[in-house]
Amino acid sequence: MTNPNKYRLRRTMMFLNCQKPGLIKDPYIYKPDSIMLDLEDAVAEREKDAARYSLYHALQEIDYRGVERVVRINGLDTDLWREDVRCAVAGGCDSIRIPKTETADDVRTVEYAIAEAEREFRRPEGSVLLMAALESARGVINAMSICDSSERLFGIALSGGDYSKDLQISISGTGVEFMGARQHMIIAARAAKVQCFDTVWTNLNDMAGFRKEVEIIHSMGFDGKSIVNPRQIPVVHEIYTPKEKDIIFAEKVIKEIDQKKAMGIGVFTVDGKMIDIAFYDGAKRTIALAKASGVYKGDL
Amino acid sequence: MEILKTAVAGTLESSDCLVTIEPARSGLQLDLESAVMQQYGRRIAEVAMETLDRLNVQNARVSIVDKGALDCTIKARVECAAMRAADHEGRVNWGGVIR
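Treat the numbers as computed from the prediction; the structure is a model and nothing was measured.

On the side of chain B, 22 residues touch chain A, which itself brings 23 residues to the contact. Counting each side, the surface lost to burial between chain A and chain B is near 1,900 Å², with a carbon and sulfur contribution of 56%. Across the pair Glu47 of chain A and Arg84 of chain B runs a salt bridge whose closest N-O atoms are separated by 3.2 Å. One can count 11 residue pairs in polar contact (both at pLDDT 80 or more) joining chain A with chain B. Looking at the side of chain A that touches chain B, the elements with two or more residues in it are α1 (21–24), α2 (48–61) and α3 (81–91) of chain A. Broken down by element, the side of chain A that touches chain B gets its largest block of residues, nine residues, from α2 of chain A. The residue makeup of the side of chain A that touches chain B, split by class, is nine nonpolar, four polar and 10 charged.

Quick look at the structure:
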């Protein structure tokens, strides 16, 4: 059975360093959809053990009020990740993020360790979901097979810092260097029916640039963006909330298609636009997103 | 658990605490410093002693400098310091002695 959280709303995923109690004690006040409790890059090498103890007790004792708790484990090229998985699953995390994913086998390796941990800590089988961060040219090229690798996998995320290093380029702020990866990843994710998330924007002094980037990735079809500061959350949520005119149009499309289908009519117009069955799923998604964003007041 | 050497965990940042554990000959000695000693001193000491008891630490000198840490942080820092002081490596007993 598919985990009911697999397709939950994930517009914002806020990175938090597990080593910093001040950061992980109450991030829910900023209302991100997900938090990314980081055991990897943000944690100093000699504090990896300390970060795990903090993570375990935070997961056990802090009420994150419905915010999804994703744990970023250390890379598969370290001797840390297996214990990270045990700690995260024992603590009760919702999902695990695999960094530097390059192949479908990487996902299956972690999936196996999660299943073992679920048995060890008596958690229901399949209760912990997975996402894969693609941080290299090879990872991006293999996006399709990675997306198809596991029933637990809810999505893939672009990690721009490492990806740009692998491509031997620097981040320009225009997004031009990520165009190919973004387009390829969103197509693969849609083909596999999983979600797709964009990389972080680290220049906190350039909120206009951030807004522009979110508008671009939203129009490309990304489900959400990784976040490094609470100030970025309302911008993303605003852009991802359907506008009233879009909601009204989507309602009309759904109702008209339902009605016309019963009458045997396949093509018709709504507000002057030619509509057929191909518009149905998009309209349904708009209504679902409006409901999830708390702005839908209709009866669908 | 035997405390073999001096070990430290945590920081003096807000919402954290700095825990130092040293070997001792007999019994547990706890030194506590906190800006909220009046209100929470007893609770912090309780959490620390319960954690040491779960870890079966019988002989140690423990110092905690608290900067407004939640219970979960005090537990995490005491456990980490104790494990380091005992040279513990490998799999952790999550949900067992660590809970």
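So much for the structure itself; the text now carries on.
Looking now at the pairing of strand β5 (residues 129–134) of chain A. All names here are of chain A. In terms of burial, β5 is a largely internal element, six of the six residues being buried. The alternating pattern of β5 places Leu129, Met131 and Ala133 and Leu130, Ala132 and Leu134 on opposite faces, both of which are buried. Pairing between strand β4 (residues 95–98) and β5: four bridges, direction parallel. By the bridge assignment for β5, Arg97 is matched with Met131. With helix α4 (residues 104–120) bridging β4 and the parallel β5, this β-α-β connection has right-handed handedness.

What follows is about the nonpolar core. Formed by 96 residues in total, the largest nonpolar core has its most connected members in Val85, Ile96 and Ile156 of chain A together with Ile21 of chain B. Considering every element that reaches this core, the biggest residue donor is helix α2 (residues 71–85) of chain B, with nine residues. Counting residues in hydrophobic clusters, the runner-up holds 14 residues, among them Phe249, Ala250, Tyr280 and Ile287 of chain A.

A few words on the domain arrangement of chain A. By a widespread convention, an interface's size corresponds to the accessible area lost as its parts come together. Here the domain parsing of chain A yields domain 1 (12–239) and domain 2 (244–292). Computed from C-alpha coordinates alone, the two centres of domain 1 of chain A and domain 2 of chain A are separated by 34 Å.

Rules behind the numbers
- Residues numbered from 1 in each chain as written.
- Chains lettered and ligands numbered in written order.
- Predicted model: local features only at pLDDT ≥ 70, side-chain atom pairs only at ≥ 80, totals over all residues.
- Heavy atoms only, no water.
- Contact = heavy atoms within 4.5 Å.
- Buried area = accessible area lost by both parts, 1.4 Å probe.
- Salt bridge = Lys/Arg side-chain N within 4 Å of Asp/Glu carboxyl O.
- Polar contact = N/O pair within 3.5 Å; in protein donor to acceptor, adjacent residues only side chain to side chain.
- Helix = DSSP H or I, 4+ residues; strand = E, 2+ residues; numbered from the N terminus.
- Nonpolar A, V, L, I, M, F, W, Y, C, P; charged D, E, K, R; others polar.
- Buried < 20%, exposed > 50% of the residue type's maximum accessible area, 1.4 Å probe, protein only.
- Pairing = 2+ DSSP bridges.
- Right-handed = clockwise from strand over helix to strand, strands pointing away.
- Core = buried A, V, L, I, M, F, W, Y, C linked by side-chain atoms within 4.5 Å.
- Domains from an automatic or database assignment.

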